[in-house]
Amino acid sequence: SGIYAVSYNMRHVAAGVLLATPTLITAWSNLFMNDPHILTAEMVFLTIFLIYTLMMILMHTLAVPKVTLNELFAAISVYIMIGMTFGVIYALLVAFDPKALNFPPGEVAPHMTAFFYFSFISMSSTGFSGFTAASSLARSIVIVQVIIGVMYVAALIGKLVSAREDDDDGLFDNFHLKNKEAF
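Predicted model, so just to flag it, every value in this text is computed and none were measured.

Looking at the overall build of the chain
- For the chain, the helix and strand inventory stands at 7 helices and 2 strands.
- Across the chain, helices and strands are ordered from the amino to the carboxyl terminus as α-α-α-α-β-α-β-α-α.
- Residues classed as buried in the chain amount to 39% of the 183 residues present.
- Restricting the contact set of the chain to residue pairs at least 6 apart, pairs at least 24 apart contribute 69%.

Observations concerning the nonpolar core
- By size, the foremost hydrophobic cluster in this structure holds 30 residues, and its most contacted members are Val-78, Ile-82, Tyr-90, Leu-101, Phe-115, Phe-118 and Tyr-152.
- Elements with a minimum of two residues in this core: α3 (36-63), α4 (69-96), α5 (112-123) and α6 (136-162).
- Of the residues forming this core, the biggest block, 12 residues, is contributed by α4.
- For Tyr-90, the contacting residues outside a window of four places in its chain are Leu-101, Phe-115, Phe-118, Ser-119, Ile-141, Val-142 and Gln-145.

A closer look at the packing of aromatic side chains
- Scanning the entire structure with this criterion turns up 8 aromatic pairs.
- Ring plane angle 40° and centroid distance 6.3 Å describe the contact between Phe-86 and Tyr-90, whose orientation is recorded as tilted. With Phe-86 and Tyr-90 both in helix α4 and 4 residues apart, the pair spans about one turn of that helix. As far as the burial class goes, Phe-86 and Tyr-90 line up, both buried.
- Centre to centre, the rings of Phe-118 and Phe-131 are 5.7 Å apart; their planes meet at 55°, and the pair counts as tilted. In this pair, Phe-118 sits in helix α5 while Phe-131 sits in the loop between α5 and β2 (132-133), placing the two residues 13 residues apart along the sequence.

Points about the environment of Pro-65
- Along the chain, Pro-65 turns up in the loop between α3 and α4.
- On the basis of relative accessibility, which here comes to 65%, the residue Pro-65 falls in the exposed class.
- Remark: the alpha-carbon pair of Pro-65 and Ser-162, spanning 97 residues in sequence, is separated by 10.0 Å.

Side note on the side chain of Ser-122
- If you trace the backbone, Ser-122 turns up in helix α5.
- Accessibility expressed as a relative area gives 8% for Ser-122, which makes it buried.
- Apart from residues lying up to four places away in sequence, Ser-122 is in contact with Val-142, Gln-145 and Val-146.

A word on the packing of α4 against α5
- Two numbers describe how α4 lies on α5: the axes approach to 8 Å, and their chain directions differ by 125°. In terms of orientation, α4 lies oblique with respect to α5. Our pair here, α4 against α5, has a crossing hand that is right-handed. Two secondary-structure elements touch here, α4 through Tyr-79, Ile-80, Ile-82, Gly-83, Met-84, Phe-86, Gly-87, Val-88, Tyr-90, Ala-91 and Val-94 and α5 through Met-112, Phe-115, Phe-116, Phe-118, Ser-119, Phe-120 and Met-123.

A short note on a nonpolar patch on the surface
- Residues Leu-24, Trp-28, Leu-31, Phe-32 and Met-33 make up a contiguous nonpolar surface patch of about 670 Å² in total accessible area.
- Looking at the secondary structure, you find Leu-24 in helix α2 (residues 10-33).
- Judged by relative accessible area, which is 52%, Leu-24 ranks as exposed.

Considerations on α5
- Here α5 is 12 residues long and its end C-alpha atoms lie 16 Å apart, about the 16 Å a rise of 1.5 Å per residue gives.
- Looking only at α5, the buried set comprises Ala-114, Phe-115, Phe-118, Ser-119, Ile-121, Ser-122 and Met-123.
- Those residues of α5 hidden inside the fold are in contact with α4, β1 (101-102), β2 and α6.
- Ser-125 sits one or two residues past α5 and shows a positive phi near 60°.

Parameters and conventions
- Residues numbered from 1 in each chain as written.
- Predicted model: local features only at pLDDT ≥ 70, side-chain atom pairs only at ≥ 80, totals over all residues.
- Heavy atoms only, no water.
- Helix = DSSP H or I, 4+ residues; strand = E, 2+ residues; numbered from the N terminus.
- Buried < 20%, exposed > 50% of the residue type's maximum accessible area, 1.4 Å probe, protein only.
- Contact = heavy atoms within 4.5 Å.
- Core = buried A, V, L, I, M, F, W, Y, C linked by side-chain atoms within 4.5 Å.
- Phe/Tyr/Trp six-rings, centres within 6.5 Å; stacked < 30°, edge-to-face > 60°.
- Axes fitted to C-alpha atoms, helices over the stretch in contact; angles between N-to-C directions.
- Parallel < 35°, antiparallel > 145°, perpendicular 65-115°, else oblique.
- Left-handed = near helix turned anticlockwise from the far one by under 90°.
- Patch = residues over 30% accessible without salt bridge, like charges linked within 9 Å, V, L, I, M, F, W, Y side chains within 5 Å.
- Areas by Shrake-Rupley, 256 points an atom, 1.4 Å probe, with all protein chains shown as cover.
- Salt bridge = Lys/Arg side-chain N within 4 Å of Asp/Glu carboxyl O.
- Expected span 1.5 Å × (residues − 1).

Structural measurements only, silent on function.
Take a look at the structure:
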């Protein structure tokens, strides 16, 4: 898993396994029981697991003194996981409030792919989907996601540029030393 690949601390790996376990159990249960409550629990556990995993990968990516191809792939993975996490959050939001999002005409029962599509369109701030946020909570979540999407790309470019210079006192220089207890 991504956590194992970037973690030098077995507590992080154990926490990842503990967070993945209820996600897998509810996913398997949902396959056989097809209960909306189990699906909601699965989405909650998946959101928590994705957030933990992307935070572990992001902390590793920011902690390295020199950016290599592995860190670049890790940073791209984090961006994709942010989009996936918000997609699951939108699905959860619609599970609790079916009128939170307006769907394009003809979209009766949206699948997860529709929520992922809405998430990535929102995060990239292109906004050319037929989906709109109808409730104030949905609009707030979209605003947070757009800010994260834009700022993440800007910070990633800054990290890549600063990694090319030897001693520039960059924002993330010696991140692993400053936050030693996290690793």
